[in-house]
Amino acid sequence: MSGFKEPSFADRQKAAQQARQNILNKFRAKPGIDDPEVMKRQAEREALAAERAKARLAREAAKAEQIAREAEAAAQAAVQLAREKEEAAARELALEAERKAARDARYAARKKKRK
């Protein structure tokens, strides 16, 4: 096997300096804030954010409208249920009065027969 040549301190220092230089060059190669391409991408991002906000507002409005419709339907159902209970109670009262009248009529007929 060929021997492994361990890098010397100077080699390591040179490699580190080269790595720092590469990072610096990469950073310098990036376009600045005033670059037209960067400004274009920023405008696109802002337009997308505005579209998302508009869509979110539309969804929230639709959701609020749906909740309002459901609340109105529930209120109508409650009114209908109360009306039905009231009508059932009135029918029961009328039926009870009819039974009482029939019972009173039978009682009166029995009394009349005995006299």
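This write-up is about the structure you can find in this document. Each chain has its residues counted from 1, following the order in which its sequence is written. Reporting in this predicted model follows two pLDDT cut-offs: at least 70 for local features of residues, and 80 or more for side-chain atom pairs to be given and counted; totals over whole chains, interfaces and linings ignore these cut-offs and use all residues. Excluding hydrogens and water, the side-chain figures rest on all heavy atoms present in the structure.

**Re the overall build of the chain**
Just so we agree on the cut-off: Comment: elements are numbered from the N terminus, with helices defined as DSSP H or I runs of at least four residues and strands as E runs of at least two. We compute the radius of gyration from the C-alpha atoms alone; for a globule the expected value is 2.2 Å times N to the 0.38, where N is the number of residues. Only protein chains enter the accessibility calculation, which uses a 1.4 Å probe. A residue is then buried if its area is under 20% of the maximum for its type, exposed if over 50%, and partly exposed in between. For the area figures, the Shrake-Rupley method with a 1.4 Å probe applies, and any residue is considered shielded solely by the protein chains shown. Charge assignment: positive for Lys and Arg, negative for Asp and Glu; neither His nor the chain ends contribute. The atom standing in for a charge is NZ when the residue is Lys, CZ when it is Arg, CG when it is Asp and CD when it is Glu.
Counting its secondary structure elements, the chain contains two helices and zero strands. Here the C-alpha radius of gyration of the chain, 45 Å, is well above what a compact globule of 115 residues would show, namely 13 Å. Seen through its C-alpha atoms, the chain measures out along the principal axes to roughly 140 × 50 × 20 Å. Counting all 115 residues of the chain, 1% fall into the buried class. For the chain, the exposed surface amounts to about 11000 Å²; the carbon and sulfur share of it is 59%. Side-chain charges in the chain split into 29 positive and 19 negative, and the spacing between the mean points of these groups amounts to 9 Å.

**Some details on the pattern of salt bridges**
When the charged atoms of two side chains with opposite charge come close together, those side chains can pair. So the rule is basically this: Salt-bridge detection follows one rule: a side-chain nitrogen of Lys or Arg within 4 Å of a carboxyl oxygen of Asp or Glu.
Taken as a whole and assessed by the stated rule, the structure comprises four salt bridges. Between R99 and E96 there is a salt bridge, with its nearest N and O atoms 3.6 Å apart. Of this pair, R99 and E96 both sit in helix α2 (residues 36–114), three residues apart, which is roughly one turn of that helix. Here K100 ties to D104 by a salt bridge, and the two come within 3.3 Å at their closest N and O atoms. Of this pair, K100 and D104 both sit in helix α2, four residues apart, roughly one helical turn.

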